[in-house]
Amino acid sequence: MSTWLITGCSSGLGRALAEAVIEAGHHAVVTARDVAKVADLAGGAPERVLAAALDVTDPAQVASVVGQAHDRFGHVDVLVNNAGYGYRAAVEEGDDAEVRALFETHFFGTVAMIKAVLPGMRARRSGAIVNISSIGATVTPVGSGYYAAAKAAIEGMSGALRGELAPLGISVTIVEPGAFRTDFAGRSLVQSATVIDDYAATAGQRRKENDTMHGNQAGDPAKAATAIVAAVESSDPPGFLLLGPDALAFYRYVADARATEIAKWERLTSGTDFGP
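Just so it is clear, the model here is predicted, and its values are computed rather than measured.

Procedures and definitions
- Residues numbered from 1 in each chain as written.
- Predicted model: local features only at pLDDT ≥ 70, side-chain atom pairs only at ≥ 80, totals over all residues.
- Heavy atoms only, no water.
- Helix = DSSP H or I, 4+ residues; strand = E, 2+ residues; numbered from the N terminus.
- Rg over C-alpha atoms; globule rule 2.2 N^0.38 Å.
- Buried < 20%, exposed > 50% of the residue type's maximum accessible area, 1.4 Å probe, protein only.
- Contact = heavy atoms within 4.5 Å.
- Areas by Shrake-Rupley, 256 points an atom, 1.4 Å probe, with all protein chains shown as cover.
- Lys, Arg positive; Asp, Glu negative; His and termini not counted.
- Charge placed at Lys NZ, Arg CZ, Asp CG, Glu CD.
- Expected span 1.5 Å × (residues − 1).
- Arc of directions from axis to C-beta.
- Polar contact = N/O pair within 3.5 Å; in protein donor to acceptor, adjacent residues only side chain to side chain.
- Phe/Tyr/Trp six-rings, centres within 6.5 Å; stacked < 30°, edge-to-face > 60°.
- Pairing = 2+ DSSP bridges.
- Axes fitted to C-alpha atoms, helices over the stretch in contact; angles between N-to-C directions.
- Salt bridge = Lys/Arg side-chain N within 4 Å of Asp/Glu carboxyl O.
- 1 Å grid on protein atoms, 1.4 Å probe; cavity = no way out; pocket = protein on both sides within 12 Å on 5 of 7 lines; lining within 4 Å.
- Points joined across faces, edges and corners; volume = space filled by probe spheres on them.
- Nonpolar A, V, L, I, M, F, W, Y, C, P; charged D, E, K, R; others polar.
- UniProt positions renumbered as here; feature names shortened; annotations may be inferred.

A.B. asks: I'd like a rundown of the overall build of the protein chain, residues and numbers included.
C.D. replies: Summing up its helical and strand segments, the protein chain has nine helices and nine strands in all. In terms of C-alpha radius of gyration, the protein chain reaches 20 Å, essentially the compact-globule figure of 19 Å for 276 residues. Along the three orthogonal principal directions, the C-alpha set of the protein chain runs to about 65 × 50 × 35 Å. Within the protein chain, the proportion of its 276 residues that are buried is 46%. Across the protein chain, every contact between residues at least 6 apart in sequence was considered, and the portion connecting residues at least 24 apart equals 69%. In the form shown here, the protein chain has an accessible surface area of approximately 13,700 Å², with 55% of it arising from carbon and sulfur atoms. Considering the protein chain, the positive charge centre built from 23 side chains and the negative charge centre built from 31 side chains are found 3 Å apart.

Listed below in structure tokens is the structure:
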């Protein structure tokens with residue numbers, strides 16, 4: 001039995017993961033900005049589940065939740081940074097305050113949670129950190145430039161973190177899900193108020209009023225949750241995990257296209273050293 005601390009459990013993948021962890025018999029600290037939305041998760045197994053209010057952009061709440069986890073269960077074995085939301089806008093349309101808030105939640109909130117649990121994990125020389133990214137970080141779809149950038153920032157930090165923590169017995173896994181049937185493209189999606197007509201055929205097609213994805217995604221959050229638990233509990237947790245056949249297909253397409261472009265420009269690339 002291990003103790004999991006999961007952020008963003010009110011709905012979607014976070015809630016599905018909380019349910020899977022609880023079903024597996026683990027201790028769980030389930031969190032949401034509004035604790036009432038996760039109270040039922042604790043109600044079913046109060047001896048093993050702690051529901052707590054958490055806004056990952058609030059340093060006091062971050063410290064409080066980790067402290068509560070230690071007080072109740074002794075330590076945190078697995079941290080899952082899942083809290084977040086979608087943001088859509090053409091790059092030129094993006095509101096500066098909204099973009100900063102996006103990074104505060106996705107990137108800086110993730111970093112704050114990691115820093116809060118690492119002292120305990122380092123002391124025990126064990127632990128697992130799972131950072132939920134998105135296939136958008138690889139595909140960089142039009143209209144989601146800022147969201148993709150926030151997730152790419154998490155991935156860049158996570159890669160370095162994995163190298164730093166591996167000698168200490170702590171694993172780091174980046175998860176890139178494809179499209180799953182959650183509220184991500186619905187209630188949880190924020191978009192800029194500014195609309196520039198020149199982007200109607202590109203970023204404009206992915207605005208809420210034009211997007212038909214919500215409710216039709218092929219991905220099953222329960223199966224994604226089971227996959228994450230299996231990855232964390234494996235003897236050698238992956239550093240990078242794609243979830244969904246769509247994510248796999250997109251990733252391979254981008255990788256192939258990039259390899260083709262690298263080959264096309266290889267001569268120019270290779271001609272930049274000193275010498276003839």
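A.B. asks: Break down the side chain of Ser 133 for me, citing the residues and quoting the values.
C.D. replies: For Ser 133, the location among the structural elements is in the loop between strand E6 (127-132) and helix H5 (136-139). By relative accessible area, which is 3% here, Ser 133 ends up buried. Beyond its immediate sequence surroundings of up to four residues, Ser 133 is in contact with Tyr 147, Lys 151, Glu 155, Ile 174, Val 175, Glu 176 and Pro 177.

A.B. asks: Account for helix H7 (residues 221-233), with residues named and values stated.
C.D. replies: Given a rise of 1.5 Å per residue, 13 residues ought to cover 18 Å, and the 18 Å separating the end C-alpha atoms of H7 matches this to within 8%. Among the residues making up H7, those that are buried are Pro 221, Ala 224, Ala 225, Ile 228, Val 229, Ala 231 and Val 232. Taken around the axis of H7, the buried residues stretch over an arc of 160 degrees, which confines them to a single face. The outward face of H7, more than 90 degrees from its buried face, is lined by the exposed residues Lys 223 and Thr 226. Buried residues belonging to H7 abut strand E1 (3-6), helix H1 (12-23), strand E4 (78-81), E6 and strand E9 (240-243). By the N-cap criterion, in which a side-chain oxygen at the helix start approaches the backbone nitrogen of a residue two or three places on, H7 is capped by Asp 220, the distance to Ala 222 being 2.9 Å.

A.B. asks: Go over the packing of aromatic side chains, please, and point to the residues and values.
C.D. replies: Tallied over the full model, the rule gives three aromatic pairs. Note on Phe 240 and Tyr 251: the rings are 5.4 Å apart at their centroids and 45 degrees apart in plane angle, and the pair reads as tilted. On the criterion of sequence distance, the pair formed by Phe 240 in strand E9 and Tyr 251 in helix H8 (residues 245-264) is long-range, its members being 11 residues apart. Judged by relative accessible area, which is 31%, Tyr 251 ranks as partly exposed.

A.B. asks: Could you give an account of the sheet that holds strand E2 (residues 27-32), naming the residues involved and the relevant values?
C.D. replies: Strand order in the open sheet formed by seven strands is E3-E2-E1-E4-E6-E7-E9, and the pairing between neighbours is parallel. Here the strands that pair on one side only, and so sit at the sheet edges, are strand E3 (49-53) and E9. Mean inter-strand twist for the sheet, computed between neighbouring axes without regard to direction, equals 15 degrees. As judged from the four bridges shared by strand E7 (residues 170-177) and E9, these two strands associate in the parallel manner. Among the inter-strand pairings, Glu 176 is bridged to a residue of E9, identified as Leu 242. Where helix H3 (residues 59-73) meets the sheet, its contacts fall on E1, E2 and E3, and the angle it forms with E3 comes to roughly 165 degrees. Helix H4 (residues 96-124) rests against E1, E4, E6 and E7 of the sheet, and its axis sits at about 175 degrees to E4.

A.B. asks: Before we move on, can you summarise the pattern of salt bridges with the specific residues and values?
C.D. replies: The full count for this structure, using the stated rule, is three salt bridges. In this structure, Arg 15 engages Asp 40 in a salt bridge whose closest nitrogen and oxygen atoms are separated by 2.2 Å. Of this pair, Arg 15 sits in helix H1 while Asp 40 sits in helix H2 (residues 39-43), placing them 25 residues apart in sequence. Exposure remark for Arg 15: the relative accessible area of 17% places this residue in the buried category. Residue class for Asp 40 comes out partly exposed when judged on its relative accessible area of 47%. A salt bridge links Glu 47 to Arg 48, with the nearest nitrogen and oxygen atoms 4.0 Å apart. Take Arg 48: its relative accessible area is 18%, and that puts it in the buried class. Linked through salt bridges whose partners overlap, the residues forming this network are Arg 15, Glu 19 and Asp 40.

A.B. asks: Talk me through empty space enclosed by the protein; I want residue IDs and the actual numbers.
C.D. replies: The full count for this structure, using the stated rule, is one cavity of 30 Å³ or more. Roughly 30 Å³ of internal volume is contained in the largest cavity. Of all the secondary-structure elements, those providing two or more residues to the lining of the largest cavity are H4 and helix H6 (145-165). The residue inventory of the lining of the largest cavity, partitioned by class, reads three nonpolar, four polar and one charged.

A.B. asks: Pulling in residues and values, what's your account of the UniProt feature "domain: Ketoreductase" (unreviewed entry) in the protein chain?
C.D. replies: Within this structure's numbering, the places UniProt gives as "domain: Ketoreductase" (unreviewed entry) are residues 2-178. Between the C-alpha atoms that bound residues 2-178 there is a distance of 28 Å. The span itself is 49% helix and 20% strand.

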